[in-house]
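One letter stands for each residue in the lines below.
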Amino acid sequence: MGTLITVTATAEERAWPELGAVQLSVGASGADRQQVVDRTAAAHERLLAEVRRLDAEGALEQWSAGQLRVWSHRPFNAEGRQLPVVHEARGELELVFRDLAALSAWVSEQAAGEELSLGGVDWRLTEATAARVRETAQRRAVAEAVAKAGVYASALGLGAPSPVELADSGLLDARPTPMPKGHLARSLAFAADASQPATEFVPAELVVAATVEARFDAPPAG
């Protein structure tokens, strides 16, 4: 075995979001429990009607709605005095839009609703696109690792390096362990960074990154 060369390499691919997941909740609070429940239930039904309309028009990839929750508590004021009982009711929904223009328009319309709270937008890729972009980033990361190893070998006056190990970032031992030539662990890292603010309704590019660590055996030149 020649000289062991260990490198790490990262490659990034960018893609525009294809889906936007909107987190919503409807709720109300007050001293009268029944009024609170009635207001929340009515707002929930209005919202579900809107969601079904969007779904029928093809604007949604999928959606889900949770059950209404009702609870009571006694808050404290600034002086530490316990106040009368407050009743609260809330229901949560998630809408995943495939029509991003419809998402922006619909959320803007709904934002003024008294019982409605918006939790922001989570921009996403479809599974097929995510797999394609991830593979491109992985291949580029491996190519970068091979290129770096070649540079180091050349700088040391060694021959062309051969791969010994390839792994996710952090999985290679800090201290090299000799491996039989030709052994290759094919494990790659994938991470997506949706770094745009969650409350923005204009999508930003998503970053798909692949990071690898690799160990190469570089024989003496000649």
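Definitions and cut-offs
- Residues numbered from 1 in each chain as written.
- Predicted model: local features only at pLDDT ≥ 70, side-chain atom pairs only at ≥ 80, totals over all residues.
- Heavy atoms only, no water.
- Helix = DSSP H or I, 4+ residues; strand = E, 2+ residues; numbered from the N terminus.
- Polar contact = N/O pair within 3.5 Å; in protein donor to acceptor, adjacent residues only side chain to side chain.
- Contact = heavy atoms within 4.5 Å.
- Salt bridge = Lys/Arg side-chain N within 4 Å of Asp/Glu carboxyl O.
- Buried < 20%, exposed > 50% of the residue type's maximum accessible area, 1.4 Å probe, protein only.
- Pairing = 2+ DSSP bridges.

Caption draft 1: Looking closely at the side chain of E94. Tracing the backbone shows E94 in strand β5 (residues 86-97). In this structure the side chain of E94 is engaged in a polar contact, spanning 2.6 Å, whose partner is the side chain of Q23. Every residue in contact with E94, bar those within four places of it in the chain, is listed here: A21, V22, Q23, Q62, W63, S64 and R124.

Caption draft 2: Summary view of the pattern of salt bridges. A full pass over the atoms with the stated rule returns 11 salt bridges. The shortest N-O distance in the salt bridge between E50 and R53 comes to 2.8 Å. Of this pair, E50 and R53 both sit in helix α1 (residues 33-56), separated by 3 residues, roughly a single helical turn. E50 gets classed as partly exposed once you look at its relative accessible area, which sits at 22%. Through salt bridges that share partners, R39, R46 and E115 make up one connected network.

Caption draft 3: Region of interest: the pairing of strand β2 (residues 19-30). Among the 12 residues in β2, 9 count as buried, and that is most of the element. The pairing of β2 with strand β6 (residues 116-124) spans 7 bridges and is classified as antiparallel. Bridged to V22 within β6 is V121. Both β2 and β5 contribute to a ladder of 11 bridges, which runs antiparallel. Note that in β5 the partner of A21 across the bridge is V96.

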